[in-house]
Amino acid sequence: MQEIYETVVVGGGQSALACGYYLRRAKLNYVMLDDQPAPGASWRKYWDSLTLFSPAAFSSLPGWLMPESKAPFPSREEVIDYLTKYEQRYEFPIERPVQVQEVCFRDGLFEVRSAHKTYLARTVISATGTFRKPFIPNYQGAETFRKLQLHSSDYKNPEPFKDKRVLIVGGGNSGAQILAEVSKVANTTWVTLDEVTFLPDDVDGRVLFDQASARYYAMQHGKEVNPSQFHVGNIVMVPAVKDARSRGVLHTVRPFHRFYEDGVIWSDGQQEKVDAVIWCTGFGYALDHLDCMNLKDQKGKVEVEGTKAKHQAGLWLVGYGNWTGFASATLIGVGRSARQTVAEIQDFLKQV
Ligand SMILES: Cc1cc2nc3c(=O)[nH]c(=O)nc-3n(C[C@H](O)[C@H](O)[C@H](O)COP(=O)(O)OP(=O)(O)OC[C@H]3O[C@@H](n4cnc5c(N)ncnc54)[C@H](O)[C@@H]3O)c2cc1C
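From a predicted model like this one, the values you see are computed outputs, not experimental measurements.

The rules behind these values
Residues numbered from 1 in each chain as written. Predicted model: local features only at pLDDT ≥ 70, side-chain atom pairs only at ≥ 80, totals over all residues. Heavy atoms only, no water. Salt bridge = Lys/Arg side-chain N within 4 Å of Asp/Glu carboxyl O. Helix = DSSP H or I, 4+ residues; strand = E, 2+ residues; numbered from the N terminus. Buried < 20%, exposed > 50% of the residue type's maximum accessible area, 1.4 Å probe, protein only. Pairing = 2+ DSSP bridges. Contact = heavy atoms within 4.5 Å. Near = heavy atom within 4 Å. Polar contact = N/O pair within 3.5 Å; in protein donor to acceptor, adjacent residues only side chain to side chain. Areas by Shrake-Rupley, 256 points an atom, 1.4 Å probe, with all protein chains shown as cover. Nonpolar A, V, L, I, M, F, W, Y, C, P; charged D, E, K, R; others polar. Phe/Tyr/Trp six-rings, centres within 6.5 Å; stacked < 30°, edge-to-face > 60°. Disulfide = S-S within 2.5 Å. Domains from an automatic or database assignment. Buried area = accessible area lost by both parts, 1.4 Å probe.

1. Digging into the pattern of salt bridges
Consideration 1: Under the counting rule described, the total for this entry stands at 19 salt bridges.
Consideration 2: In this structure, Arg113 engages Glu102 in a salt bridge whose closest nitrogen and oxygen atoms are separated by 2.2 Å. Of this pair, Arg113 sits in strand 5 (residues 109–114) while Glu102 sits in strand 4 (residues 100–106), and the two are 11 residues apart along the sequence.
Consideration 3: The exposure class assigned to Glu102 is partly exposed, which follows from its relative accessible area of 28%.
Consideration 4: Here Arg146 and Asp262 are joined by a salt bridge, their closest N and O atoms 2.8 Å apart. Of the two residues, Arg146 is situated in the loop between strand 6 (118–126) and strand 7 (148–151) and Asp262 in the loop between strand 11 (258–260) and strand 12 (263–265); the sequence distance between them amounts to 116 residues.
Consideration 5: Among the residues examined, Asp262 registers a relative accessible area of 18% and is labelled buried.
Consideration 6: Counted as one network, the salt bridges with shared partners bring together Glu102, Arg106, Glu111 and Arg113.

The structure is reproduced here in structure tokens:
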């Protein structure tokens, strides 16, 4: 007889681990399937110099605080180390590398298929993140451009751009941070849809999270919600970005009109040669494995109530952004979504 798990978690990043913490505490029979060869998930793939935008204590998963960093903001390596030790501490049943190709629902059970095995489960948590789905906007002539185009998900360090003419496209924190280091070795222009807003120097992820939490609780309790003073999309003045400001490179221009073979044509018709474009234009959702259930809308999202799929009993989605739980795409925020998810799974399993 093939084993039937109470829960299969697809993914092995921070969202999956937060769920694992509560699944373990609830003593459920579960397994986690991650396609990476080692712990760390998308943090393994980020660029070399990336640091968090909050101090360690404000970047922790449930149960165990991230150890303090010597630097004001922990590095990418410190996050990977924390996730690795977190997995070891709780001895999660993680199988690696296992890529889930599809999750289908048949005869009251989920069939979670990888290339070598099909896992059967009463419930499934999808925690596959966004990193697999880099988003690049459509620009006319992009296919004719003969030079380098790279999404931030493939960017590692500024070395390949030395002495080049580089456009950095996208007005978020990735754009600001990549511009900050590439501008040290290359001639850069930062292209954004609108002017970007920089946060005050003393406002970091911790302040953003506190402010957003206060608004969230006010909304939950029907209280008056004050307008946000600071927005999560605004640029956090991490040390590298402050340094870029002091070098005078932290300014933006509006988008170019189209590409040609060797560069871009700006909206005033001026043609300019460029060597590379780095797209810091964000991500969609890595949900292809759910296609078999036909649940996705045009934006690639699944309709949810909290984290529970509205049109498929037994399926939960954790960590993809505010639409699957307030601040659920952050280390500190995902614990709340995970706790609620596992409580709902326990209730669900009592009924089936
Ligand atoms: C530039 C940048 C800076 C950031 N800074 C911060 C910060 O300072 N603080 C903070 O809290 N957050 C930050 N984030 C956000 C955070 O890194 C992500 O939101 C987070 O990694 C999401 O975790 P996750 O577990 O949901 O997804 P992931 O970390 O992407 O993990 C998903 C895992 O599932 C695997 N997977 C995907 N599909 C399958 C499949 N079909 N089968 C099996 N496995 C699969 C993936 O390979 C991966 O291992 C930042 C993000 C970026 C891009």
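Back to the text.
2. Let's talk about the sheet that holds strand 7
Consideration 1: Overall, parallel pairing links the five strands, which are arranged 7-14-8-9-10 in an open sheet. Each of the sheet's edge strands pairs with one partner strand only, and the pair in question is strand 7 and strand 10 (252–253).
Consideration 2: Where strand 7 and strand 14 (residues 276–279) come together, four bridges link them in parallel fashion. Following the sheet pairing, Leu150 is matched in strand 14 by Ile278.

3. Re the side chain of Gln312
Consideration 1: Examined against the element boundaries, Gln312 turns out to sit in the loop between strand 16 (308–309) and strand 17 (315–317).
Consideration 2: Residue class for Gln312 comes out buried when judged on its relative accessible area of 11%.
Consideration 3: Not counting chain neighbours up to four residues away, the residues in contact with Gln312 comprise Phe105, Phe110, Met293 and Leu295.

4. What to know about the site of the ligand
Consideration 1: The ligand sits among 29 residues. The nearest are Ser15, Asp35, Ser42, Tyr46 and Ala329.
Consideration 2: A distance of 3.1 Å separates an oxygen atom of the ligand from a polar backbone atom of Gln14.
Consideration 3: Here an oxygen atom of the ligand sits 2.8 Å away from a polar atom, N or O, in the main chain of Leu331.
Consideration 4: If the ligand stood free it would expose 1000 Å²; the protein chains cover 90% of that surface.
Consideration 5: When grouped by side-chain class, the residues that make up the shell around the ligand number 13 nonpolar, 13 polar and three charged.

5. Focus: the packing of aromatic side chains
Consideration 1: All told, the structure shown has 25 aromatic pairs when counted by the stated rule.
Consideration 2: Aromatic side chains Tyr139 and Phe256 sit 4.5 Å apart centroid to centroid with 35° between the ring planes, which places their arrangement in the tilted category. One end of the pair, Tyr139, is in the loop between strand 6 and strand 7; the other, Phe256, is in the loop between strand 10 and strand 11, with 117 residues separating them in the sequence. A single burial state applies to Tyr139 and to Phe256, both of which are buried.
Consideration 3: Between Tyr155 and Phe161, the ring centres sit 6.1 Å apart and the planes meet at 25°, which makes this aromatic pair stacked. The pair formed by Tyr155 and Phe161 is uniform in burial state, with each residue classed as buried.
Consideration 4: Members of the aromatic cluster, joined through ring pairs, are Tyr21, Tyr22, Trp64, Tyr82, Tyr86, Tyr90 and Phe92.

6. Some words on the state of the cysteines
Consideration 1: Counted by the stated rule, this structure contains one disulfide.
Consideration 2: The disulfide partner of Cys104 is Cys292, and the S-S distance across this bridge is 2.1 Å. Here the disulfide of Cys104 and Cys292 is right-handed, its torsion about the S-S bond being about 130°. Of this pair, Cys104 sits in strand 4 while Cys292 sits in the loop between strand 14 and strand 15 (304–305), placing them 188 residues apart in sequence.
Consideration 3: According to the relative accessible area criterion, Cys104 is buried, its value standing at 1%.
Consideration 4: Classification of Cys292 by relative accessible area gives partly exposed; the value is 34%.

7. Some thoughts on the domain arrangement of the chain
Consideration 1: Taken domain by domain, the chain consists of domain 1 (4–133 + 283–351) and domain 2 (142–198 + 233–279).
Consideration 2: A C-alpha centroid distance of 32 Å is found between domain 1 and domain 2.
Consideration 3: On the domain 2 side, the residues contacting the 10 residues of domain 1 number 12 residues.
Consideration 4: Interface area, domain 1 with domain 2, both sides summed: about 980 Å², of which 59% is carbon and sulfur.
Consideration 5: At the junction of domain 1 with domain 2, the criterion picks out zero salt bridges.
Consideration 6: Joining domain 1 to domain 2, the criterion identifies four residue pairs in polar contact (both at pLDDT 80 or more).
Consideration 7: For the side of domain 1 that touches domain 2, a count of residues per class yields seven nonpolar, one polar and two charged.

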